[in-house]
Amino acid sequence: MSAAGSPIGKNLAAAIEGWPGQVPDWVETLARRCDADSQSAIARALGLSPSAVNSVVRGRYGASTDRIEQLVRGHLMAAVVACPVLGDLQTDLCAEWQARATRQPASAFHRRMAAGCRACPHSRAARERAA
């Protein structure tokens, strides 16, 4: 049993084993949701591959997990950020707009969003510039 009293499924057990120290809250949420449904179903809901979800759960994802964290926090945990253009925005939708901001804007609204994303403190690009 976990500390919360619920049984530990195979994905949560893999996360506990694969993440030294304490499992990040978003990884625990991802693992629990995979235990409740399936890695394939959760991956599909997040727009990821099942192997990416498996690698993150097991702590073996070889690249940055920032985007995946945003997807999990927004889609599975309903976390929001303050978007300079739209107001409160779920983090998964924030990640989607950030990805769109790198493409040629197709409308005035998209240009406004692209400019907002470039200046936003929640933007991965802005965090990388600050580092």
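Everything here concerns the structure above.
These notes cover the structure that comes with them. (Residues numbered from 1 in each chain as written. Predicted model: local features only at pLDDT ≥ 70, side-chain atom pairs only at ≥ 80, totals over all residues. Heavy atoms only, no water.)

Observations regarding empty space enclosed by the protein
Within the structure shown, the criterion is met by 1 cavity of 30 Å³ or more. Together, 14 residues line the largest cavity, and Cys83, Pro84, Cys94, Cys117 and Cys120 are the ones closest to its centre. Counting only elements with at least two residues in the lining of the largest cavity, the list comes to β1 (80–83), α6 (91–101) and α7 (108–119). Grouping the amino acids of the lining of the largest cavity by side-chain chemistry returns 10 nonpolar, 4 polar and no charged. (1 Å grid on protein atoms, 1.4 Å probe; cavity = no way out; pocket = protein on both sides within 12 Å on 5 of 7 lines; lining within 4 Å. Points joined across faces, edges and corners; volume = space filled by probe spheres on them. Helix = DSSP H or I, 4+ residues; strand = E, 2+ residues; numbered from the N terminus. Nonpolar A, V, L, I, M, F, W, Y, C, P; charged D, E, K, R; others polar.)

Some thoughts on the nonpolar core
By size, the foremost hydrophobic cluster in this structure holds 21 residues, and its most contacted members are Ala15, Val27, Leu30, Leu46, Val53, Val57 and Val72. At the level of secondary structure, the elements contributing two or more residues to this core comprise α1 (10–18), α2 (25–36), α3 (39–46), α4 (50–57) and α5 (66–76). Per-element accounting of this core gives the leading share, 5 residues, to α2. Look past the residues within four positions of Leu46 in its chain and what remains in contact with it is Leu30, Leu71, Val72, His75 and Leu76. Formed by 10 residues, the second largest nonpolar core is a distinct cluster that contains Val85, Cys94, Ala101 and Cys117. (Core = buried A, V, L, I, M, F, W, Y, C linked by side-chain atoms within 4.5 Å. Buried < 20%, exposed > 50% of the residue type's maximum accessible area, 1.4 Å probe, protein only. Contact = heavy atoms within 4.5 Å.)

Here we look at the pattern of salt bridges
Going through the model one piece at a time under the given rule, you end up with 4 salt bridges. A salt bridge links Asp25 to Arg73, with the shortest nitrogen-to-oxygen separation between them at 2.6 Å. With Asp25 in helix α2 and Arg73 in helix α5, this residue pair connects regions lying 48 residues apart in the sequence. Residue classification places Arg73 among the partly exposed residues on the basis of a relative accessible area of 21%. With a closest N to O distance of 3.0 Å, Arg100 and Glu96 form a salt bridge. Residue Arg100 and its partner Glu96 are both found in helix α6; the two are separated by 4 residues, about one turn of the helix. Residue class for Glu96 comes out partly exposed when judged on its relative accessible area of 37%. In this structure, a network of salt bridges that share partners links the residues Asp25, Glu69 and Arg73. (Salt bridge = Lys/Arg side-chain N within 4 Å of Asp/Glu carboxyl O.)

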